[in-house]
Amino acid sequence: VGTLRPVRAVDIVPNVAGRVSDVLVTSGQKVPAGDRLIALDDRAARAALAEAQATLSETEQEYSRYRQLEDSNAAAEARLEEARGAFRRAEAAVMMAEANLEDRTVTAPFVGTLGVIDTEPGRFLNGNQAVTRLADLSAVEVSATLPERYFRQVRPGQTLEITTPSY
């Protein structure tokens, strides 16, 4: 009697809290690395990204205008630095909004087989609960007990054949 365990397995947990909008896979499915597993509602994240991109566009135009004025010595250095700072903050806001939007999709970190998926569209996930387990079954460890009467028959490096009812 023994136990088979995958060498590599992880619990799949979303990075952020949110309502499940779509479950894109099924229990027991084999998935490639990067495959989308679960989508969370991303309407607010898309709106925040659009707002951040609009702000970036505005600050980029203002910064460009001040750079042109500086080239002709018509702009104060302080005003140019303010515009540069606003532009950089807007760039950072876009990166943050893009990351937040990306976090709304739960993906597979490596090739593997999914366990039971315990979620449905409409369910609210709090961002710290596992929705399934992903296991790389290409290599497994076996933990087994051996009755004492067989100790003399077993040697280090010996090849064993292990069978299970399901394989």
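Residues numbered from 1 in each chain as written. Predicted model: local features only at pLDDT ≥ 70, side-chain atom pairs only at ≥ 80, totals over all residues. Heavy atoms only, no water.

Draft legend 1. Spotlight on the pairing of strand β2 (residues 18-23). In this sheet, strand β7 (residues 124-125) lies alongside β2 in antiparallel orientation, the contact comprising two bridges. When the bridges of β7 are listed, Gly18 appears paired with Leu125. Alignment of β2 against strand β4 (residues 36-40), held across three bridges, turns out to be antiparallel. Its bridge partner being in β4, Val23 is matched across the sheet by Ile38. (Pairing = 2+ DSSP bridges. Helix = DSSP H or I, 4+ residues; strand = E, 2+ residues; numbered from the N terminus.)

Draft legend 2. Representation of the side chain of Asp136 within the structure. Among the structural elements, Asp136 can be located in strand β8 (residues 132-144). Residue class for Asp136 comes out buried when judged on its relative accessible area of 17%. Polar side-chain contacts of Asp136 include one of 2.6 Å to the side chain of Ser138. Ignoring any residue separated from it by four or fewer positions in sequence, one finds Asp136 in contact with Pro6, Val7, Arg8, Phe110, Val111 and Gly112. (Buried < 20%, exposed > 50% of the residue type's maximum accessible area, 1.4 Å probe, protein only. Polar contact = N/O pair within 3.5 Å; in protein donor to acceptor, adjacent residues only side chain to side chain. Contact = heavy atoms within 4.5 Å.)

Draft legend 3. Fine view of the packing of aromatic side chains. Following the criterion strictly, the structure yields one aromatic pair and no others. Pairing Tyr63 with Phe87 gives two aromatic rings, centres 5.5 Å apart and planes at 15°, and the pair type is stacked. Of this pair, Tyr63 sits in helix α1 (residues 43-71) while Phe87 sits in helix α2 (residues 77-102); the two residues are 24 residues apart in sequence, bridging distant segments of the chain. We note that Tyr63, like Phe87, is buried. When the ring centre of Phe110 is taken as reference, the NZ or CZ atom of Arg8 above it lies at 4.0 Å. Arg67 extends its terminal NZ or CZ atom over the ring of Tyr63, reaching a point 4.9 Å from the ring centre. (Phe/Tyr/Trp six-rings, centres within 6.5 Å; stacked < 30°, edge-to-face > 60°. Lys NZ or Arg CZ within 6 Å of the ring centre and 35° of its normal.)

Draft legend 4. View of the sheet that holds strand β5 (residues 105-107). Strand order in the open sheet formed by four strands is β5-β4-β2-β7, with antiparallel pairing between adjacent strands. The outermost strands of the open sheet, each flanked by one partner alone, are β5 and β7. Sheet analysis places β4 next to β5, joined by three bridges and oriented antiparallel. Residue pairing for β5: Ile38 is matched across the bridge by Val106.

Draft legend 5. Focus on α2. End to end, α2 covers 38 Å across 26 residues, agreeing with the expected 38 Å (1.5 Å per residue, within 8%). Along α2, the residues that are buried comprise Leu80, Ala83, Arg84, Phe87, Ala90, Val94 and Ala97. (Expected span 1.5 Å × (residues − 1).)

Draft legend 6. Representation of the pattern of salt bridges. Applying the stated criterion to the full structure yields seven salt bridges. For the salt bridge of Asp11 with Arg133, the shortest nitrogen-to-oxygen distance reads 2.8 Å. In this pair, Asp11 sits in strand β1 (residues 2-12) while Arg133 sits in strand β8, placing the two residues 122 residues apart along the sequence. Judged by its relative accessible area of 47%, Asp11 is partly exposed. Taken together, the shared-partner salt bridges in this structure form one network comprising Glu62, Arg79 and Glu82. (Salt bridge = Lys/Arg side-chain N within 4 Å of Asp/Glu carboxyl O.)

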